[in-house]
Amino acid sequence: YKAQQEADFAEQQLSTPQTRSKSYRLAFQDTDFLLREDLRPVRFQLELLKTEMLLDEANIGSMLVIYGSARIPEPEKADALLTNATDDRSRIIAERMKEKSRFYEEARTLAQLASQANVTDEAGKRHFVVCSGGGPSIMEAANRGAREVGADTIGLNIVLPHEQAPNPYVTPELSFQFHYFALRKMHFLLRAKAIAVFPGGYGTFDEFFELLCLIQTGKMKPIPILLFGREFWTRVINFEALAEEGVINADDLKLFHWVESAEDAWAVIREFYGLD
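Residues numbered from 1 in each chain as written. Predicted model: local features only at pLDDT ≥ 70, side-chain atom pairs only at ≥ 80, totals over all residues. Heavy atoms only, no water.

Participant: Sorry, what's going on with the overall build of the chain here?
Facilitator: Looking only at helices and strands, one finds 12 helices and 9 strands in the chain. Overall size of the chain, expressed as C-alpha extent along the three principal axes, is 70 × 55 × 45 Å. Of the contacts formed within the chain by residues at least 6 apart in sequence, a portion of 68% connects residues at least 24 apart. Averaged over its 31 positive side-chain charges, the chain has a centre that lies 4 Å from the centre of its 41 negative ones. (Helix = DSSP H or I, 4+ residues; strand = E, 2+ residues; numbered from the N terminus. Contact = heavy atoms within 4.5 Å. Lys, Arg positive; Asp, Glu negative; His and termini not counted. Charge placed at Lys NZ, Arg CZ, Asp CG, Glu CD.)

Participant: Would you explain the packing of aromatic side chains in this entry?
Facilitator: Between two aromatic rings, the relevant description is the distance of the centres plus the angle of the planes. Per the stated rule, a full pass over the model turns up 17 aromatic pairs. Taking 5.3 Å as the distance between ring centres and 85 degrees as the angle between the ring planes, the aromatic pair formed by Y67 and F188 counts as edge-to-face. Of this pair, Y67 sits in strand β1 (residues 63–67) while F188 sits in helix α8 (residues 181–190); the two residues are 121 residues apart in sequence, bridging distant segments of the chain. For the pair shown, Y67 and F188 are each scored as buried. Plain terms: the ring middles of F128 and W266 are 5.6 Å apart, the flat faces sit at 85 degrees to each other, and that makes the pair edge-to-face. With a gap of 138 residues between them, F128 in the loop between β3 (126–127) and β4 (129–132) and W266 in helix α12 (residues 262–273) connect regions that are remote in the sequence. Grouping aromatic residues by their ring pairs yields a cluster made of F205, F208, F209, F232, W233, F239, F256 and W258. (Phe/Tyr/Trp six-rings, centres within 6.5 Å; stacked < 30°, edge-to-face > 60°. Buried < 20%, exposed > 50% of the residue type's maximum accessible area, 1.4 Å probe, protein only.)

Participant: Is there a simple way to think about the packing of helix α6 (residues 102–117) against helix α7 (residues 138–148) in this case?
Facilitator: The interhelical angle for the contact between α6 and α7, taken along N-to-C directions, is 35 degrees, at an axis separation of 7 Å. Of the two possible hands of crossing, α6 and α7 adopt the one that is right-handed. Counted together, F103, Y104, A107, R108, A111, Q112 and S115 of α6 and I138, E140, A141, A142, R144, G145, A146 and E148 of α7 form the full contact between these two elements. Taken together, the residues that form the contact of α6 with α7 break down as 8 nonpolar, 3 polar and 4 charged. (Axes fitted to C-alpha atoms, helices over the stretch in contact; angles between N-to-C directions. Left-handed = near helix turned anticlockwise from the far one by under 90°. Nonpolar A, V, L, I, M, F, W, Y, C, P; charged D, E, K, R; others polar.)

Participant: What's the story with α12 in this structure? I'm lost.
Facilitator: Here α12 contains 12 residues, and its C-alpha end-to-end distance of 17 Å stays within 8% of the 16 Å for a straight helix at 1.5 Å per residue. Within the span of α12, buried status applies to A262, A265, W266, V268 and I269. An end-on view of α12 places all buried positions within 155 degrees of arc, on one side of the element. Packed against the buried residues of α12 are β1, α6, β7 (192–197), β8 (225–228) and β9 (257–259). (Expected span 1.5 Å × (residues − 1). Arc of directions from axis to C-beta.)

Participant: Just to check I follow, could you spell out the pairing of β1 for this structure?
Facilitator: Regular strands show a simple pattern: their side chains alternate between the two faces of the sheet. Where burial is concerned, most of β1 is hidden: 5 out of the 5 residues are buried. Bridging between β1 and β4 involves 3 bridges; their strand directions are parallel. Following the sheet pairing, L64 is matched in β4 by V130. Looking at chain direction, β1 and β7 are connected through 5 bridges and run parallel. Counted as the bridge partner of Y67 is V197 from β7. (Pairing = 2+ DSSP bridges.)

Participant: Whenever I open this one, the pairing of strand β5 (residues 154–158) confuses me. Can you help?
Facilitator: The element β5 is extensively covered by neighbouring structure, given that 5 of its 5 residues are classed as buried. Looking at chain direction, β4 and β5 are connected through 2 bridges and run parallel. Bridge pairing in β5 links C131 to I154. Where β5 and strand β6 (residues 175–178) come together, 4 bridges link them in parallel fashion. Bridge assignment links N157 to a residue of β6, and that residue is Q177.

Participant: In this structure, what is going on with the side chain of E74? I would like to understand it.
Facilitator: Relative to the helices and strands, E74 is located in the loop between β1 and α4 (75–84). Apart from the residues within four sequence positions on either side, E74 is in contact with S101, Y104, E140 and R144.

Participant: I'm lost on helix α5 (residues 88–100) in this one. Help?
Facilitator: Because an α-helix completes one turn every 3.6 residues, residues spaced three or four positions apart along the sequence face the same direction. Across its 13 residues, α5 extends 19 Å between first and last C-alpha, which sits within 8% of the 18 Å expected from 1.5 Å per residue. Looking only at α5, the buried set comprises A94, M97 and K100. End-on, the buried residues of α5 take up no more than an arc of 120 degrees, which puts them together on one face. Facing away from the buried side of α5, by more than 90 degrees, are the exposed residues D88 and E99.

Below, the structure is given as structure tokens:
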């Protein structure tokens, strides 16, 4: 019998002290057992396999991954931050957030351009399907742009202590939830054909620098990395200083492309892959 049938049989068993014992549960139905510390390797495998299998069944051949802040507001909401500022520091932050709010629209437009390209291969696999972390702000903009032109779009969400839910633009059947950051980041890159990196905080830095490291060390083939917002990035990171200090090579600064607009980013991707 298949596992589902056996599970149905187990539900119909007589209730006895033995059958009510936790030890008698089928292992694959025993949540307490699966959550034991010793079962961590199995949970790793499950998080890898579930998303991999469902993306494959959905004919997702490759993805355009969009990284970025969960805090940058869309332009229409940026003014509210200024209105609510109560001191000089909060006012400065609100002004800078308003400046960065343009990236919401750039992420949205980039997603539209990639989705409208409608790239498929002979096997019917879909390429440059827009994928984000599934959260708010820049991630929401990415999923929203794809959804607005009638395309499927992927969200790889993560369980966090504070409230966290997928944004409403993620295709429900392509909305995934992860416990392990490592497995989530792996899925971002397994199908990535290009990656757009918008201004962000620790999470964006983590994803961006891991990507650079993988390509720098030859663990991953080079793909277009589009770094949006030169003014922001050069203010928070001195890339040239890293090369001058000798901790990276000068050529490592060529691993990514500076861009300011969605059109510029999509042009780099089209040229890299020779798209019409």
